[in-house]
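# Per-entry structural report
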Amino acid sequence: KKFEKRTSRGCIRYVSDGPILYVQWKDKRCVTVLSTAHRGDESVMVNCKSKDAEGQFVLLEITQPKCISDYNSCMGGVDTFDQVIETYRSLRLTAKSWKSFFFDLIDVAAVNSFRHFNIWKEAHPGQLQRSAYRQHSDFQCKLIRQLTGIAYDEPLPKRRYTIPASVQDAPQAANMHTVKYDPEKKNCKLCYDLDRKQLKYVTYCKVCRVFLHVGARDCFDRYHVLKFP
């Protein structure tokens with residue numbers, strides 16, 4: 001972090017241990033690369049855009065390590081694969097490491113199946129009854145419908161908030177919903193349902209028995225407005 005803050009654009013530092021070269025280069029941010037095919041003193045001059053004091057873009061000529069220049073000119077399948085995954089990534093913020101690994105495997109399998117589908121389509125032209133699924137998004141929607149058993153012309157279900165069986169009169173019960181305190185923090189129900197964010201808090205609803213934020217986030221009121229429209 002000190003190197004990134006105290007250096008200007010184009011600065012390079014490196015260290016080597018046998019055949020392994022460790023390089024850091026300051027662009028807009030600090031870029032770190034490991035290589036076994038380059039030397040630390042190899043560099044090239046490249047042009048980049050930067051804003052001047054008046055806010056106008058100007059071309060600057062800065063030094064760039066040879067290993068980063070070779071990477072930019074030769075990068076291929078791995079970077080393209082990551083870009084496709086990032087567009088429709090199913091992963092959500094979670095504190096459990098196995099969930100991240102699990103959802104990442106699902107994304108990898110979905111992109112691989114889309115790629116194999118395109119290869120098969122090119123090898124067997126005219127065998128598909130319709131020219132659908134040209135885009136990755138179309139293929140993802142079709143895959144989701146097949147896995148969940150939802151027909152292609154059937155609308156996708158919307159999120160629902162269920163009312164507890166003990167609550168007979170929703171408007172009257174809403175007036176009885178009060179905030180209670182529990183020192184044992186648990187995830188906010190609304191934050192997790194809407195954004196899959198695991199944000200723990202100490203307040204909960206006495207009737208619904210779910211933990212909700214109060215104050216700036218105001219998840220308590222928002223949750224009950226959605227639950228009792």
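Up top is the structure.
Residues numbered from 1 in each chain as written. Predicted model: local features only at pLDDT ≥ 70, side-chain atom pairs only at ≥ 80, totals over all residues. Heavy atoms only, no water.

## So, the sheet that holds strand 1 (residues 12-17)
Spatial strand order, 1-2-3: three strands in an open sheet with antiparallel pairing. One side of each edge strand has no neighbouring strand; the edge strands of this open sheet are strand 1 and strand 3 (30-35). Each strand axis lies, on average, 15° off the axis of its neighbour in the sheet, ignoring direction. Relative to strand 2 (residues 20-26), strand 1 runs antiparallel, the two being bridged by six bridges. Bridge pairing links Ile12 to Trp25 in strand 2. Docked against the sheet, helix 2 (residues 66-74) engages strand 2 and strand 3, running at close to 90° with respect to strand 3. (Pairing = 2+ DSSP bridges. Helix = DSSP H or I, 4+ residues; strand = E, 2+ residues; numbered from the N terminus. Axes fitted to C-alpha atoms, helices over the stretch in contact; angles between N-to-C directions. Contact = heavy atoms within 4.5 Å.)

## Remarks on the packing of aromatic side chains
Applying the stated rule across the entire model yields four aromatic pairs. With a centroid separation of 5.3 Å and 55° between ring planes, the pair formed by Phe114 and Phe139 is classed as tilted. In this pair, Phe114 is assigned in helix 4 (residues 97-123) and Phe139 in helix 5 (residues 136-148), connecting sequence segments 25 residues apart. Each member of the pair, Phe114 as well as Phe139, is classed as buried. Between the aromatic rings of Tyr204 and Phe211, the centroid separation amounts to 5.4 Å while the plane-to-plane angle is 40°, which identifies the pairing as tilted. The buried category is assigned to Tyr204, whose relative accessible area is 14%. What links up through ring pairs into an aromatic cluster is the set Phe114, Phe117 and Phe139. (Phe/Tyr/Trp six-rings, centres within 6.5 Å; stacked < 30°, edge-to-face > 60°. Buried < 20%, exposed > 50% of the residue type's maximum accessible area, 1.4 Å probe, protein only.)

## Examining the nonpolar core
Note on soluble globular proteins: their nonpolar side chains tend to be buried together. If you look at the biggest cluster of nonpolar residues, it comprises 10 residues: Cys188, Leu190, Cys191, Cys205, Cys208, Val210, Leu212, Cys219, Phe220 and Tyr223. Of all the secondary structure elements, the ones that give two or more residues to this core are helix 7 (189-195) and helix 8 (219-227). (Core = buried A, V, L, I, M, F, W, Y, C linked by side-chain atoms within 4.5 Å.)

Scope: geometric values only; no functional claims are made or implied.
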